[in-house]
Amino acid sequence: MTIEKKISLKDVDALSLLGYNDSHLHLIEQRFDASITARGSNITLRGEEEELQQLERVFNELQFLLSKNGVLTANDVNTVLDLVVDVAPVKFASLKMKENDVAVLFTKNSIIKAKTPTQREYLAKALKNDIIFAVGPAGTGKTYLAVAMAVASLKNNEVSKIVLARPAVEAGESLGFLPGDMAQKIDPYLRPLYDALDDMLPSEKLKMYVERRIIEIVPLAYMRGRTLHNAFVILDEAQNATAMQMKMFLTRLGNNSKAIITGDVTQIDLPSNVTSGLVQIQEVLKKIDGIDFVYFDKMDVVRHRLVREIIDAYAKFGEKENGRQK
């Protein structure tokens, strides 16, 4: 249950406690799911009771250090956080986990983990490589696990931001006829990524990350011209990226960044005369060290049991139709 608690700062300067441009506050926020709002000498906490108790202890310890030393450093903040958080239950798993581990992210309601041999292969290859292509049918957990890995990396300070991209191919020429501004028009194409994040982060925490651009969810076209350092980047529905768009996306990667590209080559919505970047890239990059591919099939489907049967039925129907045309 979400509750609210207020802390009043006593005999300490709020700017010194929270850090220049709230730098100390950001360090604290990255370690907790609870939301923290600072107004003057008052701090409002919203979240689970257990976390609020830990946060209250963190702020009490920091106030004591600041009063004693007259200054507070980032190292002081991290030391206090380590002392308080390390005695609490682990909230998330590191992407740098052991290869035979299967848990990716611990949420309030569940543990996100690999459920099939291919999903375990997916996680293992993500540990070893900076670019991973996950190819396979709907419902196999390609995107969901990628988002979970990204959130785990962010919460463990392995990266400083997450960028999620999707082609808005279906919009095409009809985009201008849809109601609303550009953000409202493209929102339906990005909604599946928001849904995954909603499962993994409290709504207030997610809102804060998006407002501060720590998490960005953007159409693929908006990636042009950027260089992404210290980021976890995901391209979803990559079968609808053209060959040039795929090259553009992959060359955005900067230092200390990781990219996961997911897609289903049986669901390409591009015009018939346009080559899918996901199809082409499997030949272009197959021998580059640090890049790997994972292939899912119907046996990896983890949605409703009927999804696997639907995929199988369509595959058989397609084979029958191809046989008739020959």
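Worth saying up front: this structure is predicted, and the values here are computed from it rather than measured.

Describing the packing of aromatic side chains
This structure, assessed with the given rule, holds 3 aromatic pairs. Taken together, a centroid distance of 5.4 Å and an interplanar angle of 85 degrees make the contact between Y122 and F296 edge-to-face. Taken together, the positions of Y122 in helix 5 (residues 117-128) and F296 in the loop between strand 11 (291-295) and helix 11 (305-325) put the pair 174 residues apart, joining distant regions of the chain. Across the pair, F296 and Y122 agree in class, each one buried. Put simply, the rings of F133, F293 and Y295 touch in pairs and so form one group of aromatic residues.

Remarks on the nonpolar core
Formed by 39 residues in total, the largest nonpolar core has its most connected members in Y122, L197 and I215. In terms of residue count, helix 6 (residues 142-155) provides more of this core than any other element does, 9 residues in total. Those residues within four positions of Y122 in sequence are excluded, and the remaining contacts are I132, A134, G141, K142, L145, A146, M149, I260, T262, V294 and F296. Of all hydrophobic cores here, the second largest spans 25 residues; its members include I131, L228, M248 and F293.

As for the sheet that holds strand 3 (residues 42-48)
Strand order in this open sheet of 3 strands is 1-3-2, and the pairing throughout is antiparallel. Here the strands that pair on one side only, and so sit at the sheet edges, are strand 1 (2-8) and strand 2 (35-39). Between one strand axis and the next, the sheet turns through 15 degrees on average, direction left out of account. Here strand 2 pairs with strand 3 via 5 bridges, running antiparallel. In the sheet register, S35 faces strand 3, and the bridge partner there is R46.

Here we look at the pattern of salt bridges
Across all of its chains, the model carries 13 salt bridges by this definition. In this structure, D33 and K155 form a salt bridge, with 2.5 Å as the shortest nitrogen-oxygen distance. A residue pair is termed long-range when its members are at least 10 positions apart, and D33 in the loop between helix 2 (23-29) and strand 2 and K155 in helix 6 qualify at 122 residues. Of the two residues, D33 and K155, both sit in the buried class. One salt-bridge network, in which partners are shared between bridges, spans K161, R213, E216 and R226.

Let's talk about the confidence of the model for the chain
Averaged over all residues, the pLDDT of the chain is 82; the fraction at 70 or higher stands at 83%. Of the regions scoring below 50 in pLDDT, residues 87-92 engages in 13 contacts with residues more than four places distant in sequence or in other chains. Ignoring residues within four places in sequence, the model shows residues 171-175, a span with pLDDT below 50, making 3 contacts including any to other chains.

Definitions and limits used
- Think of each chain on its own: its residues are numbered from 1, step by step along the sequence as written.
- Where totals are concerned, whole chains, interfaces and linings use all residues; where local detail is concerned, this predicted model gives features only for residues with pLDDT of at least 70, and gives and counts side-chain atom pairs only at 80 or more.
- As a rule here, side-chain values cover all heavy atoms of the structure and leave hydrogens and water aside.
- Ring pairs shown here join Phe, Tyr and Trp side chains whose ring centres sit within 6.5 Å, with only the six-membered ring taken for Trp; geometry is labelled stacked below 30 degrees between planes, edge-to-face above 60, and tilted in between.
- Per the convention used, a helix needs a DSSP run of H or I reaching at least four residues, while a strand needs a run of E reaching at least two, with both numbered from the N terminus.
- Relative accessibility thresholds used throughout: buried, under 20% of the residue-type maximum; exposed, over 50%; partly exposed, between the two (1.4 Å probe, protein chains only).
- We define the nonpolar core as a collection of buried residues of types Ala, Val, Leu, Ile, Met, Phe, Trp, Tyr and Cys that are connected through side-chain atoms lying within 4.5 Å of one another.
- Here a residue-residue contact requires only that any non-hydrogen atoms of the pair lie within 4.5 Å.
- DSSP bridges decide pairing: two strands pair if at least two such bridges lie between them.
- To get an axis, fit a line to the C-alpha atoms, keeping to the stretch in contact for a helix; angles then go from 0 to 180 degrees between the N-to-C directions.
- We define a salt bridge as a contact between a side-chain nitrogen of Lys or Arg and a carboxyl oxygen of Asp or Glu at a distance within 4 Å.
- Note on scores: pLDDT gives the predictor's confidence for each residue, bounded by 0 and 100.

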